[in-house]
Amino acid sequence: MVYAARAELVTAKDPYFRGVVTDDYLPDGMWVLPVRSTEPKGVHVLFFDDGYGWLKYTFVHRTEDPQITVEELIWLGTEPDGED
């Protein structure tokens, strides 16, 4: 689940998710919000797994080498069933 969320973020056309319809092309259970609405180019949060996981990230736009830095990753998902 974490890898799928990362892939969606890395392949996003606009990692700031600006505009009226910001994250419609994300899969169900994923959405993005800015941490502070007054800083639209600041830190954002990508929620995944219907809100049970999130990652805080910043995006540095560079022509040759854009960079997404994940500052925090939390996932409250369930542990896979294991045999004892």
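*Asks:* Can you break down the overall build of the protein residue by residue, with the values?
*Replies:* Scanning the protein from N- to C-terminus turns up 1 helix and 4 strands. The order of α-helices and β-strands along the protein, N terminus first, is α-β-β-β-β. A total of 84 residues make up the protein; the buried ones form 25% of that total. The contacts in the protein between residues at least 6 apart in sequence include a share of 27% that link residues at least 24 apart.

*Asks:* Before we move on, can you summarise the side chain of His44 with the specific residues and values?
*Replies:* Within the secondary structure, His44 sits in strand β2 (residues 44-48). Assessed through its relative accessible area of 2%, His44 is described here as buried. In terms of polar contacts, His44 uses its side chain to reach the backbone carbonyl oxygen of Gly42, at 3.0 Å.

*Asks:* Got a sec to walk through the nonpolar core? Specific residues and values, please.
*Replies:* By size, the foremost hydrophobic cluster in this structure holds 9 residues: Ala5, Leu9, Leu26, Met30, Val32, Leu46, Phe48, Leu55 and Tyr57. Only α1 (2-10), β2 and β3 (53-60) provide two or more residues apiece to this core.

*Asks:* Describe the packing of aromatic side chains, naming the residues involved and giving the relevant values.
*Replies:* Two numbers describe a pair of aromatic rings. These are the distance of the centres and the angle of the planes. Inspection of every chain in the model, using the stated rule, returns 2 aromatic pairs. A ring pair is formed by Trp31 and Phe47, whose centres lie 5.1 Å apart and whose planes are at 20 degrees; its orientation type is stacked. Separated by 16 residues along the polypeptide, Trp31 in strand β1 (residues 31-34) and Phe47 in strand β2 bring together distant segments of the chain. Taking 6.4 Å as the distance between ring centres and 45 degrees as the angle between the ring planes, the aromatic pair formed by Phe48 and Trp75 counts as tilted. Here Phe48 is found in strand β2, whereas its partner Trp75 is found in strand β4 (residues 67-75), with 27 residues between them in sequence. Judged by its relative accessible area of 39%, Trp75 is partly exposed.

Rules used throughout
Residues numbered from 1 in each chain as written. Predicted model: local features only at pLDDT ≥ 70, side-chain atom pairs only at ≥ 80, totals over all residues. Heavy atoms only, no water. Helix = DSSP H or I, 4+ residues; strand = E, 2+ residues; numbered from the N terminus. Buried < 20%, exposed > 50% of the residue type's maximum accessible area, 1.4 Å probe, protein only. Contact = heavy atoms within 4.5 Å. Polar contact = N/O pair within 3.5 Å; in protein donor to acceptor, adjacent residues only side chain to side chain. Core = buried A, V, L, I, M, F, W, Y, C linked by side-chain atoms within 4.5 Å. Phe/Tyr/Trp six-rings, centres within 6.5 Å; stacked < 30°, edge-to-face > 60°.

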